[in-house]
Amino acid sequence: MTQSSVIGVDLGSTNVKALLVGARGHIVARAAVPCPVSRDPAGRVTQAPALWLDALEAVVAQLRAAAGSLEPVVALALSCQADTLVACDATGRELAPAISWMDQRAHAESRRLERLRPDWRALTGKPMSPYSPLAKILWLRAHEPDLAAQTRRWCQPADYLAAALTGQWVSDLNSASFSHGFSLERGDWDPALLAELDLEGTLAPLRPSGQVLAPLRDAWRRRLGLPAQTQFVLGGHDQACASLGIQPPGADELDLSAGTAWVLFRPVSSRSAGASENLVIYRHAVPDRWALLAAFPGGGVLEAFLDVLGVSHAEAFGPPGGGLLATLAADDLRDDLIVLPFLLGASSLDADASARAAILGLRSHHRPRNLIAGLMRAVAFETRRYYELFQLPGDPPRRIKMMGGASRGPLWPQLIADACNTTVVVLDEPDASALGAAFLAGCGAGLWSWDGLPAYPHGIPVSPDPARTEAAARAFADYRDALVADRLRRARESPVPSAT
């Protein structure tokens, strides 16, 4: 008899990936398709929800072609991006393109919400920002009132897709708790806040990740080529799924997902973990666990910097093992060069939208490769600034587990290890979020228990280089001094507080 299997799907910002995972935890097949966003000249970022469903169909078709059959599949779960907003009618049909989590149009609305409640993190686990779905809802009410008036459901990708695939309008607790409508104290939507913002009845009911929601609709089951027994299991936020995909539910090591966004994530045992006010705290996808999170646009900053220097994507990245980035070495890091990497503004650590990039110490002997290496070291220093926030009293993280595009070459992991003076374990599983979703699907279907999940991906440790760690510490001190000096300079030039 063929052993049961599950499917985990990761709905990323610009790609959708999927894994077919067998009962022993082995990966039977993997698939990926692009799912592009649209950007307009004003910097607005949107995505058509229909693309998510088309991409889901495409990746499952690839799995079916690779495996030969999907008859053993008993469950499917999704790992989804958060803070992306979909306006839907009462049936769950989208009324407009989704406003991506990357979209920052709602600055004024974010400030209005800050005035409404000055203690957002204490109440919901997150400081208010223009990325917030609540701020985006207020923006639509102000700028597209007809659309807002027609909206009966404000969805994120998790509950939009659950409704499309099963007919059930439910959101997983993990994804919902990452938004600003969630009350940490109640473990549910905040009724007072929803009443104040006229949102009652417009947000999906909540259920824990890893629970069976319903069978797939017949039409979707046939469209995906899945057997009748396939159940839809509630998944989770992509970062929580990635963490579950690389460490057991009870572990608490620090994860670094290094792609367009660099996200640091640490599971913790309780809400009162004593974390910095600069970190997000929310419910994990794992039962009875919480998570600390911080994010900044590490890869996005590098790509923007390459554009400024006129270095094309092909020149920078080239074929695997080639391109300019693959040839950079430690010698390209010049101690007389300091780069402030804020081409896209400062992230939540400083909450400083007026921050700008700067190059200090530039001399005639510097070349573009020196500037790029300096920018990369600056991103490593930003990682260290966040890493220090995750040092909980009496319980510091022992090492960093690194995954994502930046982990696939030798330079980034060594830069992080030297900057943070800790071991970086480079993981060999490129699709950790999809694997975590598959683990949720398997637990929901009874294939595994939370304390009996299959084996986890291997990793290659990268230790800090003693010869460079001391120099990195001196350069980091200079970097912090430059941050302070630049902040004081901008305060003198523009005394009006910047938008956050």
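The coordinates are above.
Here the structure is a predicted model, which means the values were calculated and not measured.

A.B. asks: Before we go on, may I ask you to explain the sheet that holds strand β24 (residues 459–462) in this structure?
C.D. replies: Picture the strands of a sheet paired through backbone hydrogen bonds; they go either parallel or antiparallel. Pairing is mixed in the open sheet, where seven strands are placed in the order β18-β19-β17-β16-β22-β23-β24. In this open sheet, the two strands that pair with only one neighbour each are β18 (280–283) and β24. If you compare each strand with its neighbour and ignore which way they point, the axes differ by 25° on average. Summarising the sheet, strand β16 (residues 254–258) and strand β22 (residues 400–403) pair through four bridges and their orientation is parallel. Bridging across to β22, Leu254 finds its partner in Ile400. Helix α10 (residues 238–246) contacts β16, β17 (262–268), β18, β19 (290–296), β22 and β23 (424–427) of the sheet and is inclined by roughly 65° relative to β17. Contacting β16, β17, β19 and β22, helix α14 (residues 368–389) runs over the sheet at an angle of about 150° to β19.

A.B. asks: What's the story with the nonpolar core in this structure? I'm lost.
C.D. replies: If you look at soluble globular proteins, the nonpolar side chains tend to sit buried side by side. Grouped together as the largest cluster of nonpolar side chains are 86 residues, with contacts concentrated most on Trp154, Trp262, Ile372, Met376 and Trp412. Per-element tally for this core: the top contributor is α14, with 12 residues. Non-local contacts of Trp154, meaning those with residues more than four positions away in its chain, are made with Leu85, Val86, Ala87, Ile137, Leu140, Ala148, Asp159, Leu199, Thr202 and Leu203.

A.B. asks: It is not clear to me how helix α15 (residues 411–420) should be interpreted in this structure. Could you clarify?
C.D. replies: The buried count for α15 comes to 10 of 10 residues, which makes it a mostly enclosed element. Those residues of α15 not exposed but buried are Leu411, Trp412, Pro413, Gln414, Leu415, Ile416, Ala417, Asp418, Ala419 and Cys420. Looking one or two residues beyond α15, the residue adopting positive phi is Asn421, at roughly 55°.

A.B. asks: What am I meant to see in the packing of α14 against α15 here?
C.D. replies: Viewed as axis vectors pointing N to C, α14 and α15 meet at an angle of 45°, and their least axial separation amounts to 9 Å. Our classification of the angle between α14 and α15 gives oblique. Crossing handedness for the pair α14 and α15: right-handed. Side by side, α14 and α15 meet where Met376, Arg377, Val379, Ala380, Phe381, Thr383, Arg384 and Tyr387 of the first sit next to Leu411, Trp412, Leu415, Ile416, Ala419 and Cys420 of the second. Tallied by class, the residues present in the contact of α14 with α15 amount to 11 nonpolar, one polar and two charged.

A.B. asks: Explain the pairing of strand β3 (residues 27–34) to me, please; I cannot follow it from the model alone.
C.D. replies: Two faces make up the sheet, and in a regular strand the side chains alternate between them. Taken together, the seven bridges between strand β2 (residues 15–22) and β3 define a ladder with antiparallel strand orientation. The partner of Leu19 across the bridge, within β3, is Arg30. From the end of β2 to the start of β3, which pair antiparallel, there are four residues, and Gly25 there has a positive phi angle of about 90°.

A.B. asks: Can you help me understand helix α17 (residues 466–493) in this one?
C.D. replies: Every α-helix winds through 3.6 residues per turn, so residues three or four apart in the chain are directed the same way. Across its 28 residues, α17 extends 41 Å between first and last C-alpha, which sits within 8% of the 40 Å expected from 1.5 Å per residue. The opening residue of α17 is Asp465, an N-cap whose side-chain oxygen sits 2.8 Å from the backbone nitrogen of Ala467.

Calculation rules
Residues numbered from 1 in each chain as written. Predicted model: local features only at pLDDT ≥ 70, side-chain atom pairs only at ≥ 80, totals over all residues. Heavy atoms only, no water. Pairing = 2+ DSSP bridges. Helix = DSSP H or I, 4+ residues; strand = E, 2+ residues; numbered from the N terminus. Axes fitted to C-alpha atoms, helices over the stretch in contact; angles between N-to-C directions. Contact = heavy atoms within 4.5 Å. Core = buried A, V, L, I, M, F, W, Y, C linked by side-chain atoms within 4.5 Å. Buried < 20%, exposed > 50% of the residue type's maximum accessible area, 1.4 Å probe, protein only. Parallel < 35°, antiparallel > 145°, perpendicular 65-115°, else oblique. Left-handed = near helix turned anticlockwise from the far one by under 90°. Nonpolar A, V, L, I, M, F, W, Y, C, P; charged D, E, K, R; others polar. Expected span 1.5 Å × (residues − 1). Polar contact = N/O pair within 3.5 Å; in protein donor to acceptor, adjacent residues only side chain to side chain.

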